[in-house]
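If you want the building blocks of each chain, they are given just below.
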Amino acid sequence: MKLPFTTYDVFTSRKLAGNPLAIVEDADALTTGQMQTIAREFNLSETIFVRAPQDAANTASVRIFFPTAEIPFAGHPTIGCAIHLAAKKYKEGCSFETEIRLEEVAGLVPVKVSRIGDVPRAQFTAPVVPFAVDHPLPTVGEVARALGLAVSDIGFDGHGPGLFEGGPRFFYVPLNSRGALARAKPHEPHWSAMVSAMDIGNAYLYARGGDGADTSFRARMYAPGDGIPEDPATGSATALLAAQLLAAEKLADGTHRFKLEQGYEMGRPSDLWLEADVAGAKLSAVRVAGQAVQIMSGVLEI
(Lines give C-alpha, C1' and ligand atoms only; values in the text may rest on other atoms or scores of the structure.)
Protein backbone atom coordinates (compact mmCIF):
# COMPACT_ATOMS: atom_id res chain seq x y z
CA MET A 1 0.00 0.00 0.00
CA LYS A 2 1.37 3.42 -1.01
CA LEU A 3 0.01 6.54 0.67
CA PRO A 4 0.95 10.16 -0.09
CA PHE A 5 2.07 12.26 2.86
CA THR A 6 2.94 15.90 3.39
CA THR A 7 4.41 17.73 6.35
CA TYR A 8 3.67 21.30 7.35
CA ASP A 9 4.89 23.72 9.97
CA VAL A 10 1.73 25.13 11.53
CA PHE A 11 0.99 28.41 13.33
CA THR A 12 3.83 30.09 11.51
CA SER A 13 4.45 31.90 8.24
CA ARG A 14 8.07 30.72 7.93
CA LYS A 15 9.60 27.29 7.53
CA LEU A 16 11.29 25.46 10.40
CA ALA A 17 9.22 27.28 13.01
CA GLY A 18 5.78 26.56 14.45
CA ASN A 19 4.51 23.05 15.16
CA PRO A 20 5.37 20.25 12.68
CA LEU A 21 2.50 18.13 11.37
CA ALA A 22 2.31 15.02 9.19
CA ILE A 23 -0.71 14.63 6.89
CA VAL A 24 -1.36 11.13 5.48
CA GLU A 25 -3.93 10.98 2.68
CA ASP A 26 -6.01 8.13 1.18
CA ALA A 27 -5.99 6.50 4.63
CA ASP A 28 -9.38 4.74 4.38
CA ALA A 29 -7.90 1.23 4.37
CA LEU A 30 -5.65 1.75 7.39
CA THR A 31 -6.54 0.12 10.68
CA THR A 32 -6.37 2.03 13.96
CA GLY A 33 -3.24 0.06 14.85
CA GLN A 34 -1.56 0.99 11.58
CA MET A 35 -2.38 4.67 12.08
CA GLN A 36 -0.89 4.58 15.57
CA THR A 37 2.26 2.88 14.30
CA ILE A 38 2.65 5.44 11.50
CA ALA A 39 2.21 8.28 14.01
CA ARG A 40 5.01 6.76 16.10
CA GLU A 41 7.14 6.51 12.96
CA PHE A 42 6.73 10.23 12.22
CA ASN A 43 7.22 10.93 15.95
CA LEU A 44 5.73 14.43 15.67
CA SER A 45 3.34 15.80 18.28
CA GLU A 46 0.44 14.90 15.95
CA THR A 47 -0.23 13.06 12.70
CA ILE A 48 -3.57 13.42 10.88
CA PHE A 49 -5.05 10.78 8.56
CA VAL A 50 -7.38 11.90 5.77
CA ARG A 51 -10.23 9.67 4.58
CA ALA A 52 -13.38 10.04 2.48
CA PRO A 53 -16.14 11.93 4.33
CA GLN A 54 -19.13 10.07 5.74
CA ASP A 55 -21.32 12.94 4.54
CA ALA A 56 -20.71 14.07 0.96
CA ALA A 57 -21.40 17.68 2.04
CA ASN A 58 -18.15 17.61 4.03
CA THR A 59 -14.57 17.68 2.77
CA ALA A 60 -13.01 14.76 4.61
CA SER A 61 -13.15 12.48 7.60
CA VAL A 62 -9.96 12.67 9.67
CA ARG A 63 -8.38 10.90 12.62
CA ILE A 64 -5.64 12.47 14.72
CA PHE A 65 -2.93 10.68 16.71
CA PHE A 66 -0.26 11.54 19.25
CA PRO A 67 2.75 9.20 19.07
CA THR A 68 1.06 7.38 21.97
CA ALA A 69 -2.72 7.57 21.44
CA GLU A 70 -5.61 8.83 19.32
CA ILE A 71 -7.23 12.14 20.29
CA PRO A 72 -10.73 13.40 19.37
CA PHE A 73 -9.71 16.89 18.26
CA ALA A 74 -6.57 19.00 17.92
CA GLY A 75 -5.93 22.48 16.64
CA HIS A 76 -2.70 22.41 14.67
CA PRO A 77 -3.67 19.27 12.69
CA THR A 78 -7.01 20.92 11.88
CA ILE A 79 -5.35 24.13 10.67
CA GLY A 80 -2.59 22.39 8.71
CA CYS A 81 -4.85 19.79 7.10
CA ALA A 82 -7.46 22.37 6.08
CA ILE A 83 -4.81 24.59 4.49
CA HIS A 84 -3.34 21.60 2.64
CA LEU A 85 -6.70 20.41 1.28
CA ALA A 86 -7.73 23.93 0.30
CA ALA A 87 -4.44 24.67 -1.47
CA LYS A 88 -4.82 21.52 -3.59
CA LYS A 89 -8.01 23.01 -5.10
CA TYR A 90 -6.33 26.17 -6.42
CA LYS A 91 -3.35 27.03 -8.60
CA GLU A 92 -0.18 28.02 -6.79
CA GLY A 93 -0.01 31.77 -6.22
CA CYS A 94 -3.74 32.32 -6.75
CA SER A 95 -5.70 34.04 -4.02
CA PHE A 96 -8.74 32.21 -2.66
CA GLU A 97 -11.24 31.99 0.17
CA THR A 98 -13.06 28.75 0.88
CA GLU A 99 -14.44 26.52 3.65
CA ILE A 100 -13.08 23.08 4.53
CA ARG A 101 -15.35 20.85 6.63
CA LEU A 102 -13.56 18.15 8.62
CA GLU A 103 -15.36 15.27 10.33
CA GLU A 104 -13.34 14.73 13.53
CA VAL A 105 -14.05 12.33 16.38
CA ALA A 106 -15.17 15.26 18.55
CA GLY A 107 -17.57 16.48 15.86
CA LEU A 108 -17.75 18.45 12.63
CA VAL A 109 -15.16 21.23 12.44
CA PRO A 110 -15.72 23.98 9.84
CA VAL A 111 -12.53 25.79 8.81
CA LYS A 112 -12.35 29.03 6.83
CA VAL A 113 -9.22 29.08 4.66
CA SER A 114 -7.92 32.03 2.67
CA ARG A 115 -4.77 32.88 0.75
CA ILE A 116 -3.89 36.45 -0.12
CA GLY A 117 -0.21 36.49 -0.96
CA ASP A 118 2.14 33.60 -0.29
CA VAL A 119 1.07 32.06 3.03
CA PRO A 120 -2.50 30.80 3.58
CA ARG A 121 -4.42 31.33 6.81
CA ALA A 122 -7.12 29.18 8.40
CA GLN A 123 -9.58 29.67 11.22
CA PHE A 124 -11.53 26.81 12.79
CA THR A 125 -14.57 26.91 15.01
CA ALA A 126 -14.14 24.58 17.99
CA PRO A 127 -16.52 21.59 17.80
CA VAL A 128 -17.24 21.78 21.53
CA VAL A 129 -17.66 25.02 23.49
CA PRO A 130 -15.20 24.61 26.39
CA PHE A 131 -16.49 24.26 29.94
CA ALA A 132 -15.09 24.00 33.47
CA VAL A 133 -14.45 20.51 34.87
CA ASP A 134 -15.82 19.85 38.33
CA HIS A 135 -12.74 18.20 39.82
CA PRO A 136 -10.54 19.04 42.83
CA LEU A 137 -7.52 21.11 41.77
CA PRO A 138 -4.03 20.82 43.20
CA THR A 139 -2.93 23.40 45.72
CA VAL A 140 -0.76 26.31 44.58
CA GLY A 141 2.11 24.70 46.48
CA GLU A 142 1.66 21.42 44.60
CA VAL A 143 1.58 23.29 41.28
CA ALA A 144 4.72 25.23 42.17
CA ARG A 145 6.62 22.07 43.15
CA ALA A 146 5.51 20.29 39.96
CA LEU A 147 6.92 23.14 37.83
CA GLY A 148 10.04 23.96 39.87
CA LEU A 149 8.71 27.40 40.78
CA ALA A 150 7.95 29.43 43.89
CA VAL A 151 4.40 29.74 45.16
CA SER A 152 4.66 33.47 44.50
CA ASP A 153 5.12 32.76 40.76
CA ILE A 154 1.63 31.24 40.42
CA GLY A 155 -1.30 33.45 39.48
CA PHE A 156 -1.88 37.12 38.73
CA ASP A 157 -4.81 39.54 38.97
CA GLY A 158 -7.93 37.32 38.88
CA HIS A 159 -6.12 34.41 37.20
CA GLY A 160 -5.67 31.16 39.10
CA PRO A 161 -5.22 27.51 38.04
CA GLY A 162 -8.18 25.99 36.19
CA LEU A 163 -9.26 22.74 34.56
CA PHE A 164 -11.34 22.92 31.37
CA GLU A 165 -12.63 20.52 28.73
CA GLY A 166 -13.79 20.82 25.13
CA GLY A 167 -13.00 17.49 23.48
CA PRO A 168 -9.58 17.24 25.15
CA ARG A 169 -8.95 18.47 28.71
CA PHE A 170 -6.25 20.93 29.80
CA PHE A 171 -4.95 22.21 33.12
CA TYR A 172 -4.20 25.95 33.01
CA VAL A 173 -1.52 27.58 35.14
CA PRO A 174 -1.19 31.39 35.00
CA LEU A 175 2.27 32.72 35.87
CA ASN A 176 2.93 36.29 36.94
CA SER A 177 6.00 36.91 34.78
CA ARG A 178 7.63 35.77 31.57
CA GLY A 179 10.70 34.99 33.67
CA ALA A 180 8.72 32.40 35.62
CA LEU A 181 7.37 31.03 32.35
CA ALA A 182 10.92 30.66 31.01
CA ARG A 183 12.04 28.77 34.14
CA ALA A 184 9.03 26.46 34.43
CA LYS A 185 9.33 22.79 33.50
CA PRO A 186 8.02 19.48 34.85
CA HIS A 187 9.76 18.28 38.03
CA GLU A 188 9.31 14.68 39.10
CA PRO A 189 7.84 13.06 41.09
CA HIS A 190 5.68 16.12 41.76
CA TRP A 191 4.62 16.54 38.12
CA SER A 192 3.24 13.02 37.70
CA ALA A 193 1.49 13.20 41.05
CA MET A 194 -0.20 16.47 40.06
CA VAL A 195 -1.46 15.49 36.61
CA SER A 196 -2.44 11.91 37.47
CA ALA A 197 -4.67 13.22 40.28
CA MET A 198 -6.64 15.11 37.62
CA ASP A 199 -6.58 12.17 35.15
CA ILE A 200 -4.72 14.23 32.53
CA GLY A 201 -1.16 14.37 31.22
CA ASN A 202 -0.65 18.06 30.52
CA ALA A 203 -0.36 21.59 31.82
CA TYR A 204 -0.71 24.80 29.80
CA LEU A 205 1.21 27.70 31.31
CA TYR A 206 0.74 31.33 30.33
CA ALA A 207 1.86 34.83 31.28
CA ARG A 208 0.89 38.26 30.06
CA GLY A 209 2.69 39.87 27.12
CA GLY A 210 5.06 38.63 24.46
CA ASP A 211 7.61 39.72 21.89
CA GLY A 212 4.91 41.28 19.70
CA ALA A 213 3.32 44.52 20.84
CA ASP A 214 -0.10 43.05 20.01
CA THR A 215 0.46 39.78 21.91
CA SER A 216 -1.87 39.15 24.83
CA PHE A 217 -0.17 36.11 26.36
CA ARG A 218 2.96 33.96 26.02
CA ALA A 219 2.32 30.25 26.63
CA ARG A 220 4.03 26.89 27.03
CA MET A 221 2.39 23.44 27.04
CA TYR A 222 3.89 20.28 28.53
CA ALA A 223 2.53 16.76 27.99
CA PRO A 224 5.45 14.33 28.48
CA GLY A 225 3.14 11.43 29.30
CA ASP A 226 1.59 11.77 25.83
CA GLY A 227 5.00 11.68 24.14
CA ILE A 228 5.17 15.50 23.89
CA PRO A 229 7.88 16.85 26.21
CA GLU A 230 6.87 20.37 25.12
CA ASP A 231 4.46 21.38 22.36
CA PRO A 232 5.45 24.30 20.08
CA ALA A 233 1.81 25.29 19.47
CA THR A 234 -1.41 23.83 20.85
CA GLY A 235 -4.51 24.98 19.00
CA SER A 236 -6.95 22.96 21.10
CA ALA A 237 -5.50 24.33 24.35
CA THR A 238 -5.72 27.82 22.87
CA ALA A 239 -9.41 27.23 22.14
CA LEU A 240 -10.08 26.01 25.69
CA LEU A 241 -8.14 28.99 27.07
CA ALA A 242 -11.25 31.02 26.21
CA ALA A 243 -13.04 29.40 29.15
CA GLN A 244 -10.13 30.15 31.48
CA LEU A 245 -10.10 33.79 30.35
CA LEU A 246 -13.88 34.08 30.73
CA ALA A 247 -13.62 32.90 34.33
CA ALA A 248 -10.53 34.97 35.20
CA GLU A 249 -11.34 38.23 33.44
CA LYS A 250 -15.15 38.19 33.59
CA LEU A 251 -15.37 38.86 29.85
CA ALA A 252 -18.27 41.07 28.80
CA ASP A 253 -20.78 40.02 26.16
CA GLY A 254 -19.41 40.37 22.62
CA THR A 255 -16.43 39.05 20.65
CA HIS A 256 -13.00 39.10 22.29
CA ARG A 257 -9.74 38.67 20.37
CA PHE A 258 -6.35 37.60 21.72
CA LYS A 259 -2.98 36.90 20.12
CA LEU A 260 -0.91 34.11 21.69
CA GLU A 261 2.78 33.27 21.38
CA GLN A 262 3.96 29.72 22.05
CA GLY A 263 7.10 27.71 21.34
CA TYR A 264 9.44 30.69 21.55
CA GLU A 265 11.41 29.28 24.48
CA MET A 266 12.09 26.04 22.56
CA GLY A 267 13.15 27.73 19.31
CA ARG A 268 9.90 26.99 17.42
CA PRO A 269 8.09 30.36 17.55
CA SER A 270 4.37 30.04 16.89
CA ASP A 271 1.64 32.67 16.64
CA LEU A 272 -2.02 31.84 17.31
CA TRP A 273 -5.15 34.00 17.24
CA LEU A 274 -8.10 33.29 19.55
CA GLU A 275 -11.63 34.66 19.22
CA ALA A 276 -14.24 34.09 21.92
CA ASP A 277 -17.93 34.99 21.58
CA VAL A 278 -19.64 35.70 24.90
CA ALA A 279 -23.42 35.98 25.35
CA GLY A 280 -25.19 36.15 28.68
CA ALA A 281 -21.83 35.82 30.49
CA LYS A 282 -21.28 32.43 28.81
CA LEU A 283 -19.17 31.30 25.87
CA SER A 284 -21.23 30.77 22.73
CA ALA A 285 -18.44 30.05 20.21
CA VAL A 286 -14.66 29.83 20.08
CA ARG A 287 -12.41 30.18 17.05
CA VAL A 288 -8.66 29.75 16.56
CA ALA A 289 -6.64 30.92 13.55
CA GLY A 290 -3.12 30.56 12.22
CA GLN A 291 -0.93 30.07 9.18
CA ALA A 292 1.01 27.09 7.85
CA VAL A 293 3.80 26.35 5.37
CA GLN A 294 4.60 23.11 3.57
CA ILE A 295 7.94 21.48 4.34
CA MET A 296 8.13 18.14 2.54
CA SER A 297 6.09 15.51 0.71
CA GLY A 298 6.54 11.90 -0.21
CA VAL A 299 5.01 8.42 -0.26
CA LEU A 300 4.57 6.01 2.62
CA GLU A 301 5.01 2.36 1.67
CA ILE A 302 3.10 0.10 4.06
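See above for the structure.
Predicted model, so just to flag it, every value in this text is computed and none were measured.

Reading the values: rules and limits
Residues numbered from 1 in each chain as written. Predicted model: local features only at pLDDT ≥ 70, side-chain atom pairs only at ≥ 80, totals over all residues. Heavy atoms only, no water. Helix = DSSP H or I, 4+ residues; strand = E, 2+ residues; numbered from the N terminus. Rg over C-alpha atoms; globule rule 2.2 N^0.38 Å. Areas by Shrake-Rupley, 256 points an atom, 1.4 Å probe, with all protein chains shown as cover. Lys, Arg positive; Asp, Glu negative; His and termini not counted. Charge placed at Lys NZ, Arg CZ, Asp CG, Glu CD. Phe/Tyr/Trp six-rings, centres within 6.5 Å; stacked < 30°, edge-to-face > 60°. Buried < 20%, exposed > 50% of the residue type's maximum accessible area, 1.4 Å probe, protein only. Lys NZ or Arg CZ within 6 Å of the ring centre and 35° of its normal. Polar contact = N/O pair within 3.5 Å; in protein donor to acceptor, adjacent residues only side chain to side chain. Contact = heavy atoms within 4.5 Å. Pairing = 2+ DSSP bridges. Core = buried A, V, L, I, M, F, W, Y, C linked by side-chain atoms within 4.5 Å. Axes fitted to C-alpha atoms, helices over the stretch in contact; angles between N-to-C directions. Parallel < 35°, antiparallel > 145°, perpendicular 65-115°, else oblique. Left-handed = near helix turned anticlockwise from the far one by under 90°. Nonpolar A, V, L, I, M, F, W, Y, C, P; charged D, E, K, R; others polar. Arc of directions from axis to C-beta.

(A) Examining the overall build of the protein chain more closely. A tally of regular secondary structure across the protein chain gives 6 helices and 17 strands. Radius of gyration (C-alpha) of the protein chain: 19 Å, near the 19 Å computed for a compact globule of 302 residues. Summed over all atoms, the accessible surface of the protein chain reaches about 12300 Å², with 51% contributed by carbon and sulfur. Of the charged side chains in the protein chain, 27 are positive and 34 negative; the average position of the first set lies 3 Å away from that of the second.

(B) Structural view of the packing of aromatic side chains. Evaluated as defined, the whole model comprises 11 aromatic pairs. When the ring of Phe-5 is compared with that of Phe-42, the centres are 5.4 Å apart and the planes differ by 65 degrees; the resulting orientation is edge-to-face. Taken together, the residues span a long stretch of sequence, with Phe-5 in strand β1 (residues 2-10) and Phe-42 in helix α1 (residues 32-42) at a distance of 37 residues. Phe-5 sits in the buried class, given a relative accessible area of 12%. Plain terms: the ring middles of Phe-217 and Phe-258 are 6.3 Å apart, the flat faces sit at 40 degrees to each other, and that makes the pair tilted. In this pair, Phe-217 is assigned in strand β13 (residues 217-223) and Phe-258 in strand β15 (residues 254-262), connecting sequence segments 41 residues apart. Exposure class is identical for Phe-217 and Phe-258. Each is buried. When the ring centre of Trp-273 is taken as reference, the NZ or CZ atom of Arg-121 above it lies at 5.7 Å.

(C) Quick peek at the side chain of Glu-275. The residue Glu-275 is located in strand β16 (residues 270-279) in this model. For Glu-275, a relative accessible area of 17% corresponds to the buried category. Engagement of the side chain of Glu-275 in a polar contact is seen with the side chain of Arg-257, the distance being 3.1 Å. Ignoring any residue separated from it by four or fewer positions in sequence, one finds Glu-275 in contact with Gln-123, His-256, Arg-257, Ala-285, Val-286 and Arg-287.

(D) Up close: the pairing of strand β17 (residues 282-301). Relative to β17, β1 runs antiparallel, the two sharing 9 bridges. Paired with Phe-5 across the strands is Gly-298, a residue of β17. As judged from the 5 bridges shared by strand β8 (residues 121-125) and β17, these two strands associate in the antiparallel manner. Among the inter-strand pairings, Gln-123 is bridged to a residue of β17, identified as Ala-289. In terms of strand pairing, β16 meets β17 through 7 bridges, oriented antiparallel. Counted as the bridge partner of Ala-279 is Lys-282 from β17. Following β16, the chain reverses through 2 residues before pairing antiparallel with β17; Gly-280 in that reversal takes a positive phi of roughly 60 degrees.

(E) Main features of the nonpolar core. Counting 60 residues, the largest nonpolar core has Val-113, Tyr-172, Tyr-204 and Leu-274 as the members making the most contacts within it. Residue contributions to this core peak at 8 residues, all from helix α6 (residues 235-249). Here Tyr-172 is in contact with Gly-160, Pro-161, Gly-162, Phe-164, Tyr-204, Tyr-206, Ala-237, Leu-240, Leu-241 and Gln-244, once residues within four sequence places are set aside.

(F) Region of the structure containing the packing of helix α3 (residues 140-147) against helix α5 (residues 190-197). One way to put it is that α3 packs onto α5 with a least axis distance of 7 Å and a crossing angle of 130 degrees. In terms of orientation, α3 and α5 fall into the oblique class. α3 and α5 meet at a crossing whose hand is left-handed. Each of Glu-142, Val-143, Arg-145, Ala-146 and Leu-147 in α3 lies in contact with α5, whose residues at this interface are His-190, Trp-191 and Met-194. A per-class count over the contact of α3 with α5 returns 5 nonpolar, 1 polar and 2 charged.

(G) Spatial organisation of α1. Looking at α1, one finds that the buried residues are Met-35, Gln-36, Ile-38, Ala-39 and Phe-42. Taken around the axis of α1, the buried residues stretch over an arc of 160 degrees, which confines them to a single face. Buried-residue contacts for α1 involve β1, β2 (19-24), β3 (47-51), β4 (60-65), β5 (70-71) and β17. Looking one or two places after α1, you find Asn-43, whose phi comes out positive at around 55 degrees.

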